Amino acid sequence: MSSATTSVLFVCLGNICRSPLGEGIFAALAKERGLADHFHADSAGTAAYHTGEPPDSRSIAVAAAHGVRLTGYARQVTPRDFEHFDVIVAMDRSNLRSLKRLHQRSRRRAGTPADIVLMRDYDPGAHDADVPDPYYGGQDGFERVYRILERACGGLLDELSDTLRD
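Residues numbered from 1 in each chain as written. Predicted model: local features only at pLDDT ≥ 70, side-chain atom pairs only at ≥ 80, totals over all residues. Heavy atoms only, no water.

Novice: Got a minute to help me understand the overall build of the protein in this structure?
Specialist: A count of helices and strands for the protein gives 5 helices and 4 strands. In the protein, the succession of helices and strands from N to C terminus is β-α-β-α-α-β-α-β-α. The principal-axis extents of the C-alpha atoms in the protein amount to approximately 40 × 35 × 30 Å. Within the protein, buried positions represent 48% of all 166 residues. (Helix = DSSP H or I, 4+ residues; strand = E, 2+ residues; numbered from the N terminus. Buried < 20%, exposed > 50% of the residue type's maximum accessible area, 1.4 Å probe, protein only.)

Structure (structure tokens):
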């Protein structure tokens with residue numbers, strides 16, 4: 001990434017539901033605000049359950065219903081991600097703990113500048129710290145997660161955009 005580009009990695013467990021939605025929503029909001037050239041978004045999972053698979057069809061459907069396109073394929077977080085991303089966003093406290101453990105191990109090998117944050121910390125309507133995992137539910141759970149991520153990604157983009165003006 002160029003120094004003018006802030007790179008953001010969205011992380012959930014399997015990288016097929018929440019994190020691809022976070023990636024897509026964040027990128028769409030950045031584009032809508034005329035900031036697409038200033039941000040790079042990607043997503044990954046803390047587990048390798050779905051490596052190489054496209055996002056869950058329900059994530060694709062809810063994103064499409066809101067005009068957001070999901071194009072990536074699932075992958076697992078690697079130690080290199082801590083070197084290449086400025087901000088790593090965990091969807092829940094469990095994934096946050098996993099990321100912090102991996103980060104501690106990777107710091108022994110190289111400098112790792114990434115900030116690790118929790119997605120709902122940027123959600124002005126948060127009543128819980130976690131973005132719920134919709135995987136075992138119906139389409140209404142994916143819509144709920146979309147709305148949560150839309151608010152939280154907007155808050156994250158607001159905060160990161162403020163650093164562009166500094």
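Novice: Any chance you could explain the layout of surface pockets here in plain terms?
Specialist: Over the atoms rolls a probe the size of a water molecule, and in doing so it shows where empty space is left. Its volume calculated, the largest pocket comes out at about 160 Å³. For the largest pocket, the full set of lining residues is C12, L13, G14, N15, I16, C17, R18, Y49, H50, D133, Y135 and Y136. Residues that form the lining of the largest pocket fall into these classes: 7 nonpolar, 3 polar and 2 charged. (1 Å grid on protein atoms, 1.4 Å probe; cavity = no way out; pocket = protein on both sides within 12 Å on 5 of 7 lines; lining within 4 Å. Points joined across faces, edges and corners; volume = space filled by probe spheres on them. Nonpolar A, V, L, I, M, F, W, Y, C, P; charged D, E, K, R; others polar.)

Novice: Explain unusual backbone geometry here, please?
Specialist: Leaving glycine out, the prevailing phi sign among residues is negative, and the prevailing peptide bond configuration is trans. For N15, which is not glycine, the phi torsion reads 65° and is therefore positive. Classification of N15 by relative accessible area gives buried; the value is 2%.

Novice: Please explain the nonpolar core as it appears in this structure.
Specialist: In summary, soluble globular proteins display a tendency toward joint burial of nonpolar side chains. By size, the foremost hydrophobic cluster in this structure holds 35 residues, and its most contacted members are F10, L21, F26, M119 and L156. Those elements giving two or more residues to this core turn out to be strand 1 (6-12), helix 1 (18-32), strand 2 (39-45), helix 2 (57-65), strand 3 (87-90) and helix 5 (139-165). Counting residues per element, this core draws most heavily on helix 5, which supplies 10 residues. Residues in contact with F26, not counting those within four places in the same chain, are V8, F10, F39, A41, C153, L156, L157 and L160. (Core = buried A, V, L, I, M, F, W, Y, C linked by side-chain atoms within 4.5 Å. Contact = heavy atoms within 4.5 Å.)

Novice: How do you make sense of helix 1 when you look at a structure like this?
Specialist: It helps to recall that an α-helix has 3.6 residues per turn; residues three or four apart then point in one direction. For helix 1, built from 15 residues, the straight-helix expectation of 21 Å at 1.5 Å per residue is met to within 8% by its first-to-last C-alpha distance of 21 Å. With respect to burial, helix 1 is a largely interior element, 11 of its 15 residues being buried. Listed in full, the buried residues belonging to helix 1 are R18, S19, P20, L21, G22, E23, G24, I25, F26, L29 and A30. Immediately beyond the C-terminal end of helix 1, within one or two residues, lies G34, with a positive phi of roughly 75°. (Expected span 1.5 Å × (residues − 1).)

Novice: Looking at this structure, I do not really get the pattern of salt bridges. What am I missing?
Specialist: Where charged atoms from two side chains of opposite charge approach closely, those side chains can pair. Summed over the entire model, instances satisfying the criterion amount to 12 salt bridges. Residue D123 is joined to R151 by a salt bridge in which the shortest nitrogen-to-oxygen separation is 2.8 Å. Residue D123 is found in the loop between strand 4 (115-118) and helix 5, and its partner R151 is found in helix 5; the two are separated by 28 residues along the sequence. The exposure class of D123 is buried, given its relative accessible area of 6%. The partly exposed category is assigned to R151, whose relative accessible area is 34%. (Salt bridge = Lys/Arg side-chain N within 4 Å of Asp/Glu carboxyl O.)

Novice: I would appreciate a short explanation of the packing of aromatic side chains in the present structure.
Specialist: Any two aromatic rings considered together are summarised by their centre-to-centre distance and by the angle between their planes. Tallied over the entire structure, the rule returns 3 aromatic pairs. With centroids separated by 5.5 Å and ring planes inclined at 90°, the aromatic side chains of F26 and F39 adopt a geometry described as edge-to-face. Residue F26 is located in helix 1, and its partner F39 is located in strand 2; the two are separated by 13 residues in the primary sequence. Like F26, the residue F39 is buried in the burial classification. An aromatic cluster is defined as three or more aromatic residues linked by ring pairs; in this entry it consists of F10, F26 and F39. The lysine or arginine in question, R58, covers the ring of Y135, its NZ or CZ lying 5.7 Å from the ring centre. (Phe/Tyr/Trp six-rings, centres within 6.5 Å; stacked < 30°, edge-to-face > 60°. Lys NZ or Arg CZ within 6 Å of the ring centre and 35° of its normal.)

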